[in-house]
Amino acid sequence: SLAQIAAQPAWTMIANRGQKRTAALAAHGLAAVVALAFAVIHPASLSMAMPLFLLAGAATGGVYMINWAIFPDTVEDGDEALSTGLLLFVLKVTSGLGMGVAAAALSMIGYEPTEASGARLPGIIVLMVLGPVLGAVAAFLFLKPLRLRHERSKPDRGISAVRR
């Protein structure tokens, strides 16, 4: 989305300052806050929902970009090809599993794509909030103890070091 593209300079600036973990946690946290805001505010029109859509796009852009910025700091020298292949495999598998879980969850609340979903809206909202909130909790639990390369040996040069 346009919000993802517009937010990239800010996420890049944070990551280049050597604060990749903070940027990742902020992106996941923003995604969770936006999802909770949708549930609490219940925007009744597109004009009310648009700021939340833009913030969700900015958060999503940060989540994806910062994950790739952190990746080189977690790979030991000489293991780049295996680590990259394994990461891409895991991303593909989890993406497929996520779609399956989402479809099963929608089925559990009685959602049918051929009928009006007004009666199912509360269940859909719960599912919409649950994903980002659980993702933010999982990101915190995973990233907090993770030791990045610059914390182990040399100073972090940010995303610009990846470009070389």
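Here, the structure is the one placed above.
What you are looking at is a predicted structure, and each value in this text was computed from that prediction instead of being measured.

Trainee: Explain the packing of helix 2 (residues 20-41) against helix 5 (residues 121-143) here, please?
Mentor: For any two helices packed against each other, one specifies the inter-axial angle together with the distance between the axes. Axis separation between helix 2 and helix 5 bottoms out at 8 Å; the angle between their running directions is 160°. Viewed along their axes, helix 2 and helix 5 adopt a mutual orientation that is roughly antiparallel. Viewed along their axes, helix 2 and helix 5 form a crossing whose handedness is left-handed. Contacts between helix 2 and helix 5 involve R21, A24, L25, H28, G29, A31, A32, A35, L36, F38 and A39 on the former and, on the latter, I125, M128, V129, P132, V133, G135, A136, A139, F140 and L143.

Trainee: For this particular structure, what's the right way to read the pattern of salt bridges?
Mentor: Here the idea is simple: oppositely charged side chains can pair when their charged atoms come close. Tallying each qualifying case throughout the model produces one salt bridge. Close ionic contact of D73 with K20 constitutes a salt bridge, the shortest N to O distance being 2.9 Å. You can see D73 sitting in helix 3 (residues 46-74) and its partner K20 sitting in helix 2, a full 53 residues away along the chain. An identical accessibility class is assigned to D73 and K20; each is buried.

Rules behind the numbers
Residues numbered from 1 in each chain as written. Predicted model: local features only at pLDDT ≥ 70, side-chain atom pairs only at ≥ 80, totals over all residues. Heavy atoms only, no water. Axes fitted to C-alpha atoms, helices over the stretch in contact; angles between N-to-C directions. Helix = DSSP H or I, 4+ residues; strand = E, 2+ residues; numbered from the N terminus. Parallel < 35°, antiparallel > 145°, perpendicular 65-115°, else oblique. Left-handed = near helix turned anticlockwise from the far one by under 90°. Contact = heavy atoms within 4.5 Å. Salt bridge = Lys/Arg side-chain N within 4 Å of Asp/Glu carboxyl O. Buried < 20%, exposed > 50% of the residue type's maximum accessible area, 1.4 Å probe, protein only.

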